[in-house]
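Summary of structural features
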Amino acid sequence: MSNLLELIKERKSVRTYDARPLSAEHQSELEAYAKAIRNPFEIPVEFVMLDAKEHGLSSPVLAGEIEYVAAKVKKQPNAEVAYGYSFEKLVLHAQSLGIGTVFIGGTMKRELFEKAANVQADELMPCVSPLGYPAAKRSLKEMMMRKGVKADTRLKADQLFFKDTWGNPLATAELSDVFEMVRLAPSAVNKQPWRIVEIDGVYHFYEKKDKGYDKEATGDLQKIDIGIALCHFMMGLEELGKQPKVSFVNPGIEAPKDVEYVLSVCVS
């Protein structure tokens, strides 16, 4: 099993923190890493560290958090996918340092977070995350929430990855670890909206849309999820020594009405 897959398996959404501030070393490490993050679209995503007490920030689904990280991006095509990709890179790096995170998109006073992060009219701040050390025990509220969204379950590979035509299962043995990384990616309410169709060695990403996730204030939150899945896919391929590149070559296959083509990945 690869080191990246182990990290992805270890990482869980954390909603209960022990109220300790990040160590100076971890704070400095995260800030430096955030500034260096790039995504395949070369769309700048700016991260902002926010002190919860200083700005009066909180979320009813969290306990013990004292710091957040927000990010903002200019409104443009593929902004949400780039955002999710970049944010997930930070989340995985935080996990490698023993720092807990969870994507928060709706359960917060958005106007307070946007003011604290100085979000401009031409920018999006779809989600934020607390940053902190997990408490020794999850709160009852957190345990109930995880149960409600079936946080520890995922769709099977044959429901997510297809060969040539929609619904025809892709044999994933050659890149089994990489596809497992994608399958395990976090998503809003655990919807797993990504689908991948492989045709002649090109992997086409689609969004299976659910109502209520595309809003003016946040953009399309499920495209954030596509970005997270893409991050796992690209990082997994790079770990194998491959050189994946994002392109836009819609193969025009027949797909359900609630499905939208997003992007393609060529692998070399």
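Here the residue numbering is sequential within each chain, running from 1 through the sequence in written order. The model is predicted, so local features are restricted to residues of pLDDT at least 70 and side-chain atom pairs to those at 80 or more, both for listing and for counting; the totals for chains, interfaces and linings are taken over all residues. The side-chain quantities take in all heavy atoms of the structure and omit both hydrogens and water.

1. Details of the state of the cysteines
Each disulfide is one covalent bond, formed between the sulfur atoms of two cysteines. Two cysteine sulfur atoms form a disulfide, by the criterion used here, when they sit within 2.5 Å. With the rule as written, the count across this model stands at 0 disulfides. Left unpaired, cysteine 127 is separated from the closest cysteine sulfur, that of cysteine 231, by 13 Å. On the basis of relative accessibility, which here comes to 4%, the residue cysteine 127 falls in the buried class. Free of any disulfide, cysteine 266 has its nearest cysteine sulfur in cysteine 231, 18 Å distant. Summary of the burial criterion: residues with accessible area below 20% of their type's maximum are buried, those above 50% are exposed, and those between are partly exposed, where the area comes from a 1.4 Å probe applied to protein chains only.

2. Quick notes on the side chain of glutamate 123
For glutamate 123, the location among the structural elements is in strand 3 (residues 123–124). We count Lys and Arg on the positive side and Asp and Glu on the negative side, and we leave His and both chain ends out. Definition used for salt bridges: Asp or Glu carboxyl oxygen within 4 Å of a side-chain nitrogen of Lys or Arg. Buried glutamate 123, no salt bridge; nearest opposite-charge side chain is lysine 74, N-O distance 4.2 Å. Side-chain polar atoms of glutamate 123 contact the backbone nitrogen of glutamine 120, separated by 2.8 Å. Whether two residues are in contact is decided by their heavy atoms: any pair within 4.5 Å suffices. Residues in contact with glutamate 123, not counting those within four places in the same chain, are Lys72, Val73, Lys74, Lys75 and Asn118. A run of H or I in DSSP becomes a helix once it reaches four residues, and a run of E becomes a strand once it reaches two; helices and strands are each numbered from the N terminus. Polar contact is defined as a pair of N or O atoms within 3.5 Å, subject to the rule that within protein one atom must be able to donate a hydrogen and the other to accept it, and that residues adjacent in sequence are counted only when both atoms are side-chain atoms.

3. As for the layout of surface pockets
Taken as a whole, the largest pocket holds about 950 Å³ of empty space. Around the largest pocket, the lining is made up of 40 residues, and of these Arg15, Phe103, Ser187, Ala188 and Val189 lie nearest the centre. Breaking the lining of the largest pocket down by element, the ones donating at least two residues are helix 1 (3–10), helix 4 (79–96), helix 6 (140–148) and helix 8 (221–239). In terms of residue count, helix 8 provides more of the lining of the largest pocket than any other element does, 5 residues in total. Grouping the amino acids of the lining of the largest pocket by side-chain chemistry returns 19 nonpolar, 10 polar and 11 charged. With a 1 Å grid laid over protein atoms only, a set of points is called a cavity when a 1.4 Å probe fits there but cannot get out and a pocket when it is open yet has protein on both sides within 12 Å along at least five of seven lines; lining residues have an atom within 4 Å of a point. Grid points are joined across faces, edges and corners, and a volume is the space filled by probe spheres set on the points. Residues are grouped as follows: Ala, Val, Leu, Ile, Met, Phe, Trp, Tyr, Cys and Pro are nonpolar; Asp, Glu, Lys and Arg are charged; all remaining types, including Gly, are polar.

4. As for the pairing of strand 6 (residues 194–199)
With respect to burial, strand 6 is a largely interior element, 6 of its 6 residues being buried. Two elements, strand 5 (residues 161–163) and strand 6, share 3 bridges in a ladder whose sense is parallel. Of the residues in strand 6, the one forming a bridge with lysine 163 is glutamate 198. Here is how to tell: hold the view so the strands point away, follow the path from the first strand over the helix to the second, and if it runs clockwise the crossover is right-handed. In this fold, the crossover linking strand 5 to strand 6 by way of helix 7 (residues 176–183) has left-handed handedness. A strand pair is defined by DSSP finding two or more bridges across the two strands. Between the antiparallel neighbours strand 6 and strand 7 (residues 202–208) lie 2 residues, among them aspartate 200 with a positive phi of about 55°.

5. Let's talk about the pattern of salt bridges
According to the stated counting rule, one finds 13 salt bridges in the structure shown. Ionic pairing is found between aspartate 18 and arginine 20, a salt bridge with its closest N-O pair at 2.7 Å. With a relative accessible area of 29%, aspartate 18 lands in the partly exposed category. Between lysine 209 and aspartate 220 there is a salt bridge, and its shortest N-O distance comes to 3.1 Å. Note that lysine 209 is positioned in the loop between strand 7 and strand 8 (214–215) and aspartate 220 in strand 9 (residues 219–220), a separation of 11 residues in sequence.

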